[in-house]
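A closer look at the structure
The lines below spell out each chain.
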Amino acid sequence: MADKVAKDAVEALSGLLFDGMTIMAGGFGLCGIPENLIAAIRESGVKDLTVVSNNCGVDGFGLGILLESRQIRKMISSYVGENKLFEQLYLSGELELEFNPQGTLAERIRAGGAGIPAFFTKTGVGTLVAEGKEVREFDGEVYVMERGLVADLSIVKAWKGDAEGNLVYRKTARNFNPMMATAGKATVVEVEEMVAIGALDKDNIHTPGIYVDRLFKGAVFEKRIERVTTRVKEAV
Amino acid sequence: MADKVAKDAVEALSGLLFDGMTIMAGGFGLCGIPENLIAAIRESGVKDLTVVSNNCGVDGFGLGILLESRQIRKMISSYVGENKLFEQLYLSGELELEFNPQGTLAERIRAGGAGIPAFFTKTGVGTLVAEGKEVREFDGEVYVMERGLVADLSIVKAWKGDAEGNLVYRKTARNFNPMMATAGKATVVEVEEMVAIGALDKDNIHTPGIYVDRLFKGAVFEKRIERVTTRVKEAV
Amino acid sequence: MAWTREDMAARAARELRDGFYVNLGIGIPTLVANYIPEGMHVTLQSENGMLGMGPFPYEGEADADLINAGKQTITELDSSSYFSSADSFAMIRGGHIALSILGGMQVAENGDLANWMVPGKMVKGMGGAMDLVAGVKRVVVVMDHCEKTGAPKLLHRCNLPLTGAGVVDLLITELGVFEINRGKTPVRLIELAPGVTVDEVKAKTEAAFTVAV
Amino acid sequence: MAWTREDMAARAARELRDGFYVNLGIGIPTLVANYIPEGMHVTLQSENGMLGMGPFPYEGEADADLINAGKQTITELDSSSYFSSADSFAMIRGGHIALSILGGMQVAENGDLANWMVPGKMVKGMGGAMDLVAGVKRVVVVMDHCEKTGAPKLLHRCNLPLTGAGVVDLLITELGVFEINRGKTPVRLIELAPGVTVDEVKAKTEAAFTVAV
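Residues numbered from 1 in each chain as written. Chains lettered and ligands numbered in written order. Predicted model: local features only at pLDDT ≥ 70, side-chain atom pairs only at ≥ 80, totals over all residues. Heavy atoms only, no water.

Notes on the overall build of chain A
For the record, the criterion: In this text, helices come from DSSP runs of H or I with a minimum length of four residues, and strands from runs of E with a minimum of two, each type numbered from the N-terminal end. Note that the radius of gyration is over C-alpha atoms, with the globule rule given as 2.2 Å times the number of residues to the power 0.38. A simple rule labels every residue: compare its accessible area, found with a 1.4 Å probe on the protein chains alone, to the largest value its type can have, and call it buried under 20%, exposed over 50%, or partly exposed in between. Residues are treated as being in contact if the distance between any of their heavy atoms lies within 4.5 Å. Reported accessibility uses the Shrake-Rupley method at a 1.4 Å probe radius. Residues are deemed covered only where the shown protein chains occlude them. His residues and chain termini do not enter the charge count, which takes Lys and Arg as positive and Asp and Glu as negative. Lys charges are placed at NZ, Arg charges at CZ, Asp charges at CG and Glu charges at CD.
The secondary structure content of chain A amounts to six helices and 11 strands. What you see for chain A is a C-alpha radius of gyration of 18 Å, in line with the 18 Å of a compact globule of 236 residues. Based on the C-alpha atoms only, the size of chain A along its principal axes is roughly 60 × 50 × 40 Å. Within chain A, buried positions represent 62% of all 236 residues. Excluding contacts between residues fewer than 6 apart, the proportion of contacts in chain A whose partners are at least 24 apart in sequence is 72%. Surface accessibility of chain A: about 8500 Å² in total, with carbon and sulfur atoms responsible for 49%. Within chain A, the 33 negative side-chain charges are centred at a point lying 3 Å from the centre of the 28 positive side-chain charges.

Here is the structure:
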């Protein structure tokens, strides 16, 4: 088998990056983002990127570092409220922005990976989101048509992976990662832990290896938390 | 919480059956079929059923027993080649039949459960399947529009379940069961094993409890095999 | 004496029913979790991919892989399950969530809701709000009755970009509770906060409403 | 001396490449698994929800929960994974399978394939065949060159209901191998079974084809 395992992010991305490309990046907020791959993309200097990601990181971390370096030309997201630089670049016209409702974004990506070029949803009917799109009634309800979405490259963060590319995710760090793994012409994955083939439970593989072109064990997982909210242990 | 756990198939189905209803039944061939629920439906005598299921069992087992009792009026399936009685009833006009390509059937059910009334697929373009349906070009390829599918009742077979209705399936007995669990106005599940809440791995619950209205531990799992194919152990 | 934020959350909690699966928005709706009646089984969905949200973690026990849709660290319960964003919104869009409680900027007589964008100001994005109001069976909005300027927010028609058209079932403000019924019936004022008069509500409301308190 | 079923399977196996994910249909295509070259890593998909199909189980070890799309008992490998039918066909429809090898009733010059239905006879259903030919990147058909009646099966146009329009890349019969190229180029005979002549093939074929053996 063509070996899928790379030694690091740079090797895993080699030959896959080009100016003007579309990249899907997993994660919700800073949770489950492929931080090693984002750092390597920053280092590569590739530019004019269209990035599909639910959010755009924060100032100085996550996809935010690709805003700092002005490598992103356009974002397709559902919420970017965490990022001040984003606001500046958007208002100054340096950054293009396409908002999708979060569920529509998730489904567009799932559809793209599943060979479905378009589907209908109630979400966004009667709002700005439906403008310029086909709306149609089914069984007395009105729906808007949304298109499937694919990318030149998907960058994904998983918890564990094996050399076949079988992946599992952990808790809410799963989020957009599994759909994006299916919707990239190439899919590159960073994992926290590489395990032996056969070590993952076959009934519970979240992303089968067929979707994974290359994977590697991430060197660093900073895993920043945006909003640490805690409670105090009651005295007993 | 309204208790989801029933003592048997009859209790689990009580109040949910009516003549002329649509029932989705999980399983592929005889693998992963809800055999206890099928038996209880036979006993109930409910009739004029439209049944959505990839196959229709075999003579004398699985959904085949609802053919014997003439309770099924119409089948929506992808393959019914295993059943001689089916052939007779179909040719004599006693049974209506709608064939869907297997992947289209699976996706229609997934769409029905996910609030998607219609989607486009390449499958079936240029064939009988596309007749009378909208076809449309996207990016130079032709697709056919297919509709989401829901049912009055879904009957599902899982391996393990807890009192919240969280379910896991085993090996290829998963098949159509998870989508059908999402697409029934009511969903009733038989499991081989009831486990304590918290015993299932939270990262690996195939069907979250939100989709399950009632579940019970099946009394009998005959689990017939259609085609036992084996090899001989080589002498060492 | 109008209701406090806590009062509004407590009132919203009265919309919960045993066995409900519920999605709570950011702000006052989040507080609703503190008012789930003892013995009532309510399961909280977090649209980033979780059913069965638990309380905030104890100090020092936060897990970066376990956050809610407001990006706050949370905990799991014995009954929790995790899934992808596509599966989460399939659940929402497919009508499997019984109740969504969320904040609002404007609500109109016809059930329209605006809560995601103020043109000319920075746009943060709609996140999952459009999916929630389109897909969830019952939508309860909790918001201040007026803007800081005093301008009413319960209107004939929204003038901000919509989150959803004809989607609001119930509106709770610090002054009272309004049945909106997705615009299918005239708006009805069905409860008043203590000490609030119908006249005060009328003065602060643009929408027409009938009184049934 | 035309090819045997085993020869045809062996020839089909030469379409495999290292790292391929492949779906094999019922009949001769199933035999292809026996001809995967030593050291080549090929992963077999079963459309009922499995990647990484293993061989048949030993006697007495069959598991009712583990079957292939032909409803035969099979085994798993260390690298296997299971998934739902929706996920399985998302994989197929989405173009993630490199190669599908399946049987046929008729193949036409324009790449059309018929393999699921004979009008007037009992209809068993298309199963997953329509999804496979529509979604898989490369489609190889393995079939007898003629019907038992002697009627040709490689035709100008199919007269049986189609499984897919313009979907066949390569056709393997007991007489030889034809490049169909989804009907985008004229059909080319590119290999002959030993002892078979071009004239014999021409006599048994309705479709026009060029010879490049």
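Having put the structure on the table, let's press on.
Let's talk about helix α1 (residues 5–13) of chain D
Within α1(D) the residues assigned to the buried category are D:M8, D:A9, D:R11, D:A12 and D:A13. Residues of α1(D) that are buried make contact with α2 (28–31), β5 (99–103), β8 (138–142), β10 (170–172), β11 (176–179) and β12 (188–192) of chain D.

Re the interface of chain D and chain A
Many structure descriptions define interface size as the accessible area lost when the parts assemble. The test is simple: The buried area of a pairing is the accessible area, by a 1.4 Å probe, that goes missing from both parts when the two are put together, added over both. Salt bridges, as used here, are contacts in which a Lys or Arg side-chain nitrogen is within 4 Å of a carboxyl oxygen on Asp or Glu. Ten residue types, Ala, Val, Leu, Ile, Met, Phe, Trp, Tyr, Cys and Pro, are classed as nonpolar, four, Asp, Glu, Lys and Arg, as charged, and the remainder, Gly among them, as polar.
Contact residues are listed per partner, giving 22 residues for chain D and 20 residues for chain A. Taken together, both faces of the contact between chain D and chain A bury some 1700 Å²; the carbon and sulfur share is 55%. At the junction of chain D and chain A, the tally comes to zero salt bridges. Listing elements by their share of the side of chain D that touches chain A, those giving two or more residues are β4 (76–82) and α3 (85–93) of chain D. Here the element with the most residues in the side of chain D that touches chain A is β4(D); it accounts for seven residues. In terms of residue class, the side of chain D that touches chain A is made up of nine nonpolar, eight polar and five charged.

Comments concerning the sheet that holds strand β7 (residues 113–114) of chain D
Residues and elements named next belong to chain D. Going by this rule: Note on pairing: two strands pair once DSSP finds at least 2 bridges between them.
With mixed pairing, the three strands of this open sheet are ordered in space as β7-β6-β9. Of all the strands in the sheet, just β7 and β9 (154–155) have a single pairing partner and so form its edges. When strand β6 (residues 106–108) meets β7, the two strands line up antiparallel, connected through two bridges. Bridge pairing in β7 places V107 opposite L113.

Quick word on the packing of helix α5 (residues 102–113) of chain B against α3(D)
Note the cut-off: Axis definition: a line fitted to C-alpha atoms, over the contacting stretch in the case of helices. Angles run 0 to 180 degrees between N-to-C directions. Angle categories: roughly parallel below 35 degrees, roughly antiparallel above 145, roughly perpendicular from 65 to 115, and oblique for all the rest. The sense of a crossing depends on the near helix, which, turned anticlockwise from the far helix by less than a right angle, makes the crossing left-handed and, turned clockwise, makes it right-handed.
In the contact formed by α5(B) and α3(D), the axes pass within 9 Å of each other and the chain directions differ by 120°. Judged by the angle between their axes, α5(B) and α3(D) are oblique. In the packing of α5(B) onto α3(D), the handedness of the crossing is left-handed. For the pair formed by α5(B) and α3(D), the contact residues are B:Q102, B:G103, B:T104, B:A106, B:E107 and B:R110 on the first element and D:S85, D:A86, D:F89 and D:R93 on the second. Across the contact of α5(B) with α3(D), the residue classes tally to three nonpolar, four polar and three charged.

Let's talk about the packing of aromatic side chains
To keep things clear, this is the line we draw: Here a Phe, Tyr or Trp ring, Trp counted by its six-membered ring, pairs with any other such ring whose centre lies within 6.5 Å, and the pair is stacked when the planes are under 30 degrees apart, edge-to-face when over 60, and tilted otherwise. In this analysis the charged atom, NZ for Lys or CZ for Arg, is taken to sit over a ring once it is within 6 Å of the ring centre and within 35 degrees of the ring normal.
By the definition in use, this model includes nine aromatic pairs over all chains. Pairing A:F99 with C:W116 gives two aromatic rings, centres 6.1 Å apart and planes at 90°, and the pair type is edge-to-face. Within this pair, whereas A:F99 is found in strand β4 (residues 96–99), its partner C:W116 is found in the loop between β7 (113–114) and α4 (129–135), the two belonging to separate chains. Assessed through its relative accessible area of 16%, A:F99 is described here as buried. Ring centres 6.4 Å apart and planes at 40° place the aromatic pair A:F120 and B:F120 in the tilted group. Note that A:F120 is positioned in strand β5 (residues 118–121) and B:F120 in strand β5 (residues 118–121), a pairing that runs across two chains. Each member of the pair A:F120 and B:F120 is classed as buried. In textbook terms, an aromatic cluster arises when at least three aromatic residues are bridged by ring pairs, as seen for A:F120, A:F138, A:Y143, B:F120, B:F138 and B:Y143. The ring centre of C:Y58 lies 4.1 Å from the NZ or CZ of A:R231, which sits over that ring.

Remarks on the interface of chain D and chain B
Each partner contributes to the interface: chain D provides 47 residues, whereas chain B provides 51 residues. Roughly 4300 Å² is buried in total at the junction of chain D and chain B, and carbon and sulfur atoms are behind 60% of that figure. Across the contact surface, chain D and chain B share seven salt bridges. In this structure, B:K171 engages D:E76 in a salt bridge whose closest nitrogen and oxygen atoms are separated by 2.8 Å. Looking at the side of chain D that touches chain B, the elements that each hand over two or more residues are β4, α3 and α4 (129–135) of chain D. With four residues, α3(D) is the largest single contributor of residues to the side of chain D that touches chain B.

Digging into unusual backbone geometry
Note: most residues except glycine have negative phi, and most peptide bonds are trans. For A:K223, which is not glycine, the phi dihedral falls at a positive 45°. Inspection of the secondary structure assignment puts A:K223 in the segment after β11 (214–217). Owing to a relative accessible area of 22%, A:K223 belongs among the partly exposed residues under this scheme. Phi is positive for D:K71, close to 65°, though the residue is something other than glycine. Relative to the helices and strands, D:K71 is located in the loop between β3 (50–53) and β4.

All quantities given are derived from atomic positions and should not be read as evidence of function.
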